[in-house]
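Chain and residue survey
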Amino acid sequence: MASTKATTEDTPGRDVHALIPADFRLESGQRLAATQVVGRIHGLDGGPLVVVAGGISNGRFATCWWPWAVKAGGPVDLDRVRVLAFDLAPGREEPGVTITTHDQARLLALLLDALDAPRIDAFVGASYGGCIGLAFAAAFPERIGELAVISAAHRAHPAATAWRGVQRRLLAFARDCGREAEGVALARQLAMTTYRTAEEFALRFSQTPPPAAGGPWPVCDYLIARGADYAGATSADRWISLSDSLDRHSVDPQAVRCPLTVVGVTSDALVPIADSRELAARVPNLRRLIEAPSVFGHDAFLKERELIGRVLHDVLTPLTALQPSEIAA
């Protein structure tokens, strides 16, 4: 979830919109201030439709936050499939709401209706996007072919809730003190320590002490820079809503009936490998459980190109057995 790339892109795409009905209510009973869901389509016209969704900091510009994966000739090959990615609710300027992964799945269904797409061929979700994929598969079993989830399980782990709870309280405190951007930067610093691993930090950073107590150590310089990069990327209220949504996430594995590929990273502190194993053991149609080590922990889906590329290739290749000209015909 560490990617904060700008929303400019070299790969052509087009935005798609779906109106949110006036009577649409979140599971909490609240309304969204937004009046539409916004997605972006890339790739082969008429090709198999693949939904791609990432972490809470990612949105409809999948070719920006996952550029090595979603590209022509890449693991999610834009020469062979259509890719739909979408912006998560709530919007950046929207007041905070209590929203669930099931709500996000319902909003995605509105977008698919607007595209006249009754069924998606595959859903590839990582982190929060994987949670949405599980919720979508449970709520709309007739509308999904394959599902692959990376570093996502059927529920939140209490340890992850503990870390995210501290971040939410920090965000609320800074917002209420009129120092929201600083709070977002600090919360991002804390989040980065959960996205990555102690092993990576040990390999990358020396323990050279600062001149005086309270000064930044080398690892702190890295975290401070990552926080500064993210300070203007979101509002405190939006982050609180999406962070809380992760902790409310709960899906009955037996309700996920489509073929499912589960990728668990053994060093992931936020989604322990035991939860990935439990998800795989309880779904009725497991395609494959892949357990992989990575120095990058939860961020493996962004950094482990060979590993994740192979998984995406294996999941999507059956959809693209025909040549693009044959698909178009």
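The coordinates are above.
Rules used in this analysis
- Residues numbered from 1 in each chain as written.
- Predicted model: local features only at pLDDT ≥ 70, side-chain atom pairs only at ≥ 80, totals over all residues.
- Heavy atoms only, no water.
- Helix = DSSP H or I, 4+ residues; strand = E, 2+ residues; numbered from the N terminus.
- Buried < 20%, exposed > 50% of the residue type's maximum accessible area, 1.4 Å probe, protein only.
- Contact = heavy atoms within 4.5 Å.
- Areas by Shrake-Rupley, 256 points an atom, 1.4 Å probe, with all protein chains shown as cover.
- Lys, Arg positive; Asp, Glu negative; His and termini not counted.
- Charge placed at Lys NZ, Arg CZ, Asp CG, Glu CD.
- Pairing = 2+ DSSP bridges.
- Axes fitted to C-alpha atoms, helices over the stretch in contact; angles between N-to-C directions.
- Core = buried A, V, L, I, M, F, W, Y, C linked by side-chain atoms within 4.5 Å.
- Parallel < 35°, antiparallel > 145°, perpendicular 65-115°, else oblique.
- Left-handed = near helix turned anticlockwise from the far one by under 90°.
- Nonpolar A, V, L, I, M, F, W, Y, C, P; charged D, E, K, R; others polar.
- Expected span 1.5 Å × (residues − 1).
- Polar contact = N/O pair within 3.5 Å; in protein donor to acceptor, adjacent residues only side chain to side chain.

Scanning the chain from N- to C-terminus turns up 12 helices and 10 strands. Taken over 329 residues, the chain has a buried fraction of 55%. In the chain, 77% of the contacts between residues at least 6 apart in sequence involve partners at least 24 apart. Accessible area for the chain stands at about 13,900 Å²; split by element, carbon and sulfur atoms hold 53% of it. For the chain, the distance from the average position of its 33 positive side-chain charges to the average position of its 37 negative side-chain charges is 1 Å.

Let us look at the sheet that holds strand β3 (residues 49–53). Read from one edge to the other, the open sheet built from 8 strands follows the order β1-β2-β6-β3-β7-β8-β9-β10, with strand pairing classed as mixed. The open sheet is flanked by β1 (14–19) and β10 (286–292), the only strands paired with a single partner. Within this sheet the neighbouring strands show an average axis-to-axis angle of 20°, counted without direction. When strand β2 (residues 36–43) meets strand β6 (residues 82–86), the two strands line up antiparallel, connected through 5 bridges. By the bridge assignment for β6, I41 is matched with L84. Along the sheet, helix α3 (residues 128–139) makes contact with β3, β6, β7 (120–126), β8 (144–150) and β9 (260–265), crossing β7 at roughly 140°. Seen against the sheet, helix α11 (residues 305–316) touches β3, β7, β8, β9 and β10 and runs at an angle of roughly 175° to β9.

Let's shift gears to the nonpolar core. L84, F123, F136 and L147 are the most contacted members of the largest nonpolar core, which totals 70 residues. The residues touching L84, leaving out its near neighbours within four places in the chain, are V16, G39, R40, I41, L49, V50, V51, V52, L108, L111, L112 and L115. With 29 residues, the next largest nonpolar core counts A85, V124, V263 and I308 among its residues.

Here we come to the packing of helix α5 (residues 180–195) against helix α7 (residues 218–230). Following both chains from N to C, one finds α5 and α7 inclined at 130°, their axes separated by 8 Å at the closest point. Considered as vectors, α5 and α7 are oriented oblique to each other. Crossing of α5 over α7 shows right-handed handedness. On α7, the residues touching V184, A185, R188, Q189, M192 and T193 of α5 are Y222, L223, I224, R226, G227, A228 and Y230. Within the contact of α5 with α7, the residues separate by chemical class into 8 nonpolar, 3 polar and 2 charged.

The next subject is helix α2 (residues 101–114). Taking 1.5 Å per residue as the helical rise, α2 with its 14 residues ought to reach 20 Å, and the 20 Å between its terminal C-alpha atoms agrees with that figure. Among the 14 residues of α2, 10 are classified as buried, and the element is accordingly described as predominantly covered. Among the residues of α2, those classed as buried are T101, D103, Q104, A105, L107, L108, A109, L110, L111 and L112. Its side-chain oxygen at 3.3 Å from the backbone nitrogen of H102, T100 defines the N-terminal cap of α2. Positioned one or two residues after α2, D116 has a phi angle of 55°, which is positive.

Moving on: unusual backbone geometry. A89 connects to P90 through a cis peptide bond whose omega is 0°. Its location among the elements puts P90 in the loop between β6 and α2. We note that D116 has phi near 55°; this positive angle belongs to a residue other than glycine. With respect to the helices and strands, the residue D116 is situated in the loop between α2 and β7. On the basis of relative accessibility, which here comes to 67%, the residue D116 falls in the exposed class.

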